[in-house]
Amino acid sequence: MSDTVESRLAAMGITLPTPPAPAANYVPFVKTGNLVYCSGQVPMGPNGIEHVAKLGADYTIEQGMAAARLCAINLLAVMKMATGDLEKVTRCVKLNGFVNCTPDFHDQPKVVNGASDLIAEALGDKGKHARAAVGSSALPLGVAVEVEGIFEVA
């Protein structure tokens, strides 16, 4: 199998989903010049929303990382929709991770590593990115994590 993003995803056992339609007045991505800005992705799985929880109250760091990983899979699905071919992605520029957490929870970077690790594994060197990981008192639908991304494309 060739060394492509799709082959690396397949080796990880990942099949990209069809991105859901936006739930409000926004679009899944905006392309300007050679950058694609992806709207925030929540942990939407094949059966709907997953990982409804608050870190520091009823969810572990590992569970939060799994939520962030699922958000990153959904980001790549949006990028495939935006480009038609993930090989057109030349770099993940930045990820912004939002963690639904209690005021005394301070491990947002560890949680968002779930997304960063997936992007780096799937994109290889093109997956090295800048990042923010911030705590939030609430997220849409009560999800544990939301991740948005900026990608450079050819």
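In case you missed it, the structure is sitting above this.
Scope of this entry: the structure provided in the associated data block. All values reported here derive from a predicted model rather than from experimental measurement.

1. Section: the pattern of salt bridges
Move 1: With the rule as written, the count across this model stands at five salt bridges.
Move 2: For Glu-6, the salt bridge identified is with Lys-80, shortest N-O distance 3.0 Å. Taken together, the positions of Glu-6 in helix H1 (residues 5–11) and Lys-80 in helix H2 (residues 61–83) put the pair 74 residues apart, joining distant regions of the chain.
Move 3: Between Lys-128 and Asp-125 there is a salt bridge, with its nearest N and O atoms 3.5 Å apart. Comparing Lys-128 with Asp-125 shows no difference in burial state: the two are exposed.

2. Examining the sheet that holds strand E5 (residues 89–100)
Move 1: An order of E1-E2-E7-E5-E6 is seen for the five strands of this open sheet, with the pairing classed as mixed. Edge positions in the sheet fall to strand E1 (29–32) and strand E6 (130–136), since each has one partner strand and no second. Taking each pair of neighbouring strands and ignoring which way they run, the sheet shows an average axis angle of 15°.
Move 2: Here E5 pairs with strand E7 (residues 145–153) via nine bridges, running antiparallel. For Asn-96, the partnering residue across the bridge sits in E7 and is Glu-148.

3. Here we look at the nonpolar core
Move 1: Ranked by size, the top nonpolar core spans 39 residues in total, and within it Leu-9 and Ile-119 carry the most contacts.
Move 2: Breaking this core down by element, the ones donating at least two residues are H1, strand E2 (35–41), H2, E5, helix H3 (108–123) and E7.
Move 3: The element that contributes the greatest number of residues to this core is H2, accounting for 10 residues.
Move 4: Filtering out sequence-adjacent residues up to four positions away, Ile-119 remains in contact with Ala-72, Leu-76, Cys-92, Leu-95, Gly-124, Gly-127, His-129 and Phe-151.

What counts and what doesn't
- Residues numbered from 1 in each chain as written.
- Predicted model: local features only at pLDDT ≥ 70, side-chain atom pairs only at ≥ 80, totals over all residues.
- Heavy atoms only, no water.
- Salt bridge = Lys/Arg side-chain N within 4 Å of Asp/Glu carboxyl O.
- Helix = DSSP H or I, 4+ residues; strand = E, 2+ residues; numbered from the N terminus.
- Buried < 20%, exposed > 50% of the residue type's maximum accessible area, 1.4 Å probe, protein only.
- Pairing = 2+ DSSP bridges.
- Axes fitted to C-alpha atoms, helices over the stretch in contact; angles between N-to-C directions.
- Core = buried A, V, L, I, M, F, W, Y, C linked by side-chain atoms within 4.5 Å.
- Contact = heavy atoms within 4.5 Å.

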